[in-house]
Amino acid sequence: MNKIWAVIRREFVEKVRTKWFIIGTVLGPVLMFGLVALPILMADKETHRSVAVLDATATGFGERLADALDRADALATRLVPVDLVELEDAADSLAVAVTAKELDGFLMVTDAVIDDGRAEYRGTNVSSLTDMRTLEVLLRNAVFAERLRREGVDPAVVNRAQIRVGLTTKKIREGKVTEESGEASFFLAYAMWLLLYIAILLYGVQVMGSVVEEKTTRVVEVLVSSLKPFQLLSGKILGVGAVGLLQLGIWVGFAKISLDKREVIARMFGGGEEVAALASISMPEVPLATIALFFSYFLLGFFLYAGMFAAVAAMVNSEAEARQAQTPVVMLLVIPTVLMIGILNNPDGAMAIALSLIPFTSPIAMPVRWAAAPVPLIEVFGSLAILTVTLVGIMWVAGRIFRVGILMYGKKPGVRELIRWVRG
Amino acid sequence: MSNEPVVELRAVTKHFSGHTAVRDLSLTVPRGSVYGLLGPNGAGKSTAIRMIMGILLPDEGSIALFGGRGSGQDLSARIGYLPEERGLYKKMKLIEMLMFLAEIRGVNRRVAKQKGTIWLEKLGLSDWTEKKVDDLSKGMQQKVQFIATVLHGPELLILDEPFSGLDPVNSQVMKDTVVELARAGTTVLFSTHIMEQAEKLCDAVCIIARGATVVNGALADVKREHGGNHIIVSVERGTASVDHVFKDRALVRHADDYGNYAEVEMADGVDPQQLLHGLLGAGARLTKFEVAEPTLHKIFIDKVGPEAAKAAVVEGGK
């Protein structure tokens, strides 16, 4: 046991001292801090756009559209009436104004827009999704109103028909309505996926690198003369796992603090206005059960993948070979990522349930599902049980491959040879 | 201290896919001895040593360490093993790496640090204690590997080709340290294909070739068994003039002729004086005529065969 402890300590101390650990640990919270602080700062500096309506209509629609745009908070609008035949020439001269930064862009409308719904916007801000959506919504409403007006509908009725509809989403968890919105659930599921995927991959690869290092430097020969291969393997995985827990612990702890204390953080950036702005942003609730689930799946998932990565490392002779040979293992880990949108769209669907039970995908799929929607506890425990049993099996196989592989140099073993190692 | 052999192999056999690396190997390393495991490259020396260390398991036969059944890993506190393929953690600080390697052999960290510091000082590396292994020259790394082998004060040292790849200075340091430890009572088992070295250091040897034992026993006994009829002859202006004497099978069984010098094995029952007469009769002006013990090298060549021996010499000369 003291020997395993020595291996754990070495892995832990050496990994924690590396630059990437320190940088990663600091950078994680900075990013999370940014995630909370950025919307506040952004809200403060709302951008104002200056656009022109190049009006080639004869019905006064251009004027009404320009009024509607001008009423929008972030838009300063000016009307440029023009004859239909001179439309392109006028557009060219406005383009000069855009280049001179007098304008952000201009909207070209003709009477045809009422019938075919087509208008054109030219400007420097076309890649801003927010700007384009604002313009499109305003244009659509104006065209909609114009069409109704032409059909002789009372303008008052048109106005009433255009009152904005807003949908507030609140999540039900354990029979209680929470203040968590749909967006917040998505945010939490997304954060879970990102952290688990990065952490399992990152630390799994760390285990692999550590085994490859010992093999290529031939330190392993001295190690296995003093340690049973399984002592070496388990010490290594536990050591790297401890590093992972420490780093994730710092990240998650920081995330929880910055979510819980977000108003305090907001005050650091300014006065009441920002705090109010922040209160309106819905943030996910992260109860302890969720955190416990997250760490359980991280640990089991990490052990599972670390075992596989270690077996891969034991089969190869160099870092470069390891990078190639790891592909099948990484693919397994990528599956839940590729299918994540499917899980989020239908967290109770057959695919989501299957992925959260299959041991190779459950370490990521189950926490994502859990964050998105309530999951029956029986499924959670079932998934954990399947994962644990698989883990034991994989560790047994990985241990046998590791035992033989770390002392083998030369050709990479084929499947048949691997089976012989495992039977060994 | 008991008189039980420190290492005992009984009829050990190890197959790898396609070939037999060690066949029916038996050897006994007495306590306090310096034991040489000799053989050409590919003879199975490293495989035998790895089985002794418990890194590989024998297919047949049994291995006893210190008279018991414990494996090399269980007994690692009592054994210092220097593998043929040696490595170090490149990015660790020297003293921390030594502490770790001692720790997995059951030494307490604090004690390991003290002993490590003493050894680093002894081999002239005390300025490098806090440096990374990567910063050390190759010669220094070899010293560090050796320190890692002996730091925990083992009763048994197992050194696989300890002198290969060492520069002459380090080779000397290594030899001196091994002799010093042996005098202090440490049992040393080492493998080599350089016979001259084994001849100077060992008091018992086992020569193996193609996985099987060829010669086994105390060095003096081995020499006596193979000795008594060896003559070293040196002739002015070369031995070509006495070539016909060497070819006389009534006198000479085999002559190993180097041109100016020859090692001659006489035919059974021939008195050295008869050979002397023969040489003088051929008109040779002798500069040397010595009744000699055979060198280990000679025994090795006689027993293992010229081809294998040549391969060993070529490898050794690299």
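Keep in mind it's a predicted model, so treat the numbers as computed, not measured. (Residues numbered from 1 in each chain as written. Chains lettered and ligands numbered in written order. Predicted model: local features only at pLDDT ≥ 70, side-chain atom pairs only at ≥ 80, totals over all residues.)

Engineer: Please clarify how the overall build of chain A should be interpreted in this entry.
Structural biologist: Secondary structure assignment for chain A yields 20 helices and 6 strands. In terms of overall size, chain A is more extended than a compact globule, its C-alpha atoms giving a radius of gyration of 30 Å where 424 residues would be expected to give roughly 22 Å. With respect to the principal axes defined by its C-alpha atoms, chain A has extents near 90 × 50 × 45 Å. A buried classification covers 35% of the 424 residues belonging to chain A. Considering only residue pairs separated by 6 or more positions, chain A has 73% of its internal contacts joining residues 24 or more positions apart. (Helix = DSSP H or I, 4+ residues; strand = E, 2+ residues; numbered from the N terminus. Rg over C-alpha atoms; globule rule 2.2 N^0.38 Å. Buried ≥ 20, exposed ≤ 12 C-beta atoms within 10 Å, placed from the backbone. Contact = placed C-beta atoms within 7 Å.)

Engineer: Help me understand the interface of chain B and chain A, please; the structure alone is not making it clear to me.
Structural biologist: Often the size quoted for an interface is simply the accessible area lost on bringing the parts together. Contact residues are listed per partner, giving 21 residues for chain B and 18 residues for chain A. Ranked by residue count, the leading element in the side of chain B that touches chain A is helix H2 (residues 94-103) of chain B, at 3 residues. By residue class, the composition of the side of chain B that touches chain A is 11 nonpolar, 5 polar and 5 charged. (Nonpolar A, V, L, I, M, F, W, Y, C, P; charged D, E, K, R; others polar.)

Engineer: Would you mind going over the environment of Pro374 of chain A with me for this structure?
Structural biologist: Examined against the element boundaries, Pro374 of chain A turns out to sit in the loop between helix H18 (362-372) and helix H19 (377-405). With 140 residues separating them in the primary sequence, Pro374 of chain A and Ser234 of chain A have C-alpha atoms 35 Å apart.

Engineer: Explanation requested: the packing of helix H17 (residues 350-357) of chain A against H19 of chain A in the structure shown.
Structural biologist: When two helices pack together, their arrangement is given by the angle between their axes and by how far apart the axes lie. All names here are of chain A. Their axes nearest at 8 Å, the elements H17 and H19 cross at an angle of 40°. In this view, H17 runs oblique relative to H19, as classed from their interaxial angle. Touching Ile353, Ser356 and Leu357 of H17 are Glu379, Gly382, Ser383 and Ile386, all from H19. Here the contact of H17 with H19 is composed, by residue class, of 3 nonpolar, 3 polar and 1 charged. (Axes fitted to C-alpha atoms, helices over the stretch in contact; angles between N-to-C directions. Parallel < 35°, antiparallel > 145°, perpendicular 65-115°, else oblique.)

Engineer: How should I be thinking about unusual backbone geometry in this particular structure?
Structural biologist: Leaving glycine out, the prevailing phi sign among residues is negative, and the prevailing peptide bond configuration is trans. Positive phi, normally seen in glycine, also occurs at Lys101 of chain A, with a value near 65°. Summarising the element assignment, Lys101 of chain A is placed in the loop between helix H4 (87-99) and strand S3 (105-109). Even without glycine at this site, Phe66 of chain B takes up a positive phi of about 55°. With respect to the secondary-structure elements, Phe66 of chain B resides in the loop between strand S4 (60-65) and strand S5 (79-82).

Engineer: Explain the confidence of the model for chain B here, please?
Structural biologist: Detailed conclusions should not be drawn from predicted coordinates in areas where pLDDT is low. Residues and elements named next belong to chain B. For chain B, the average pLDDT comes to 86, and 94% of its residues sit at 70 or higher. By mean pLDDT, the top-scoring element of chain B is H2 (95), and the lowest-scoring one is helix H11 (residues 306-317) (48). Residue range residues 312-318 is modelled with pLDDT below 50. Its contacts to residues more than four positions away, or to other chains, number 7 contacts. The ipTM, which scores confidence in the relative placement of chains, is 0.79 for this predicted complex, and the corresponding pTM is 0.76. (pLDDT = per-residue confidence, 0-100.)

Engineer: Mind showing me how you'd approach the packing of H19 of chain A against helix H20 (residues 415-423) of chain A here?
Structural biologist: Residue and element names in this part refer to chain A. Remark: H19 packs on H20, axes separated minimally by 8 Å, with the N-to-C direction vectors making an angle of 105°. Between H19 and H20, the interaxial angle falls into the category roughly perpendicular. Residues Val397, Arg400, Ile401, Val404 and Gly405 of H19 form the contact with H20, whose own contacting residues are Leu418, Trp421 and Val422. When grouped by side-chain class, the residues that make up the contact of H19 with H20 number 6 nonpolar, 1 polar and 1 charged.

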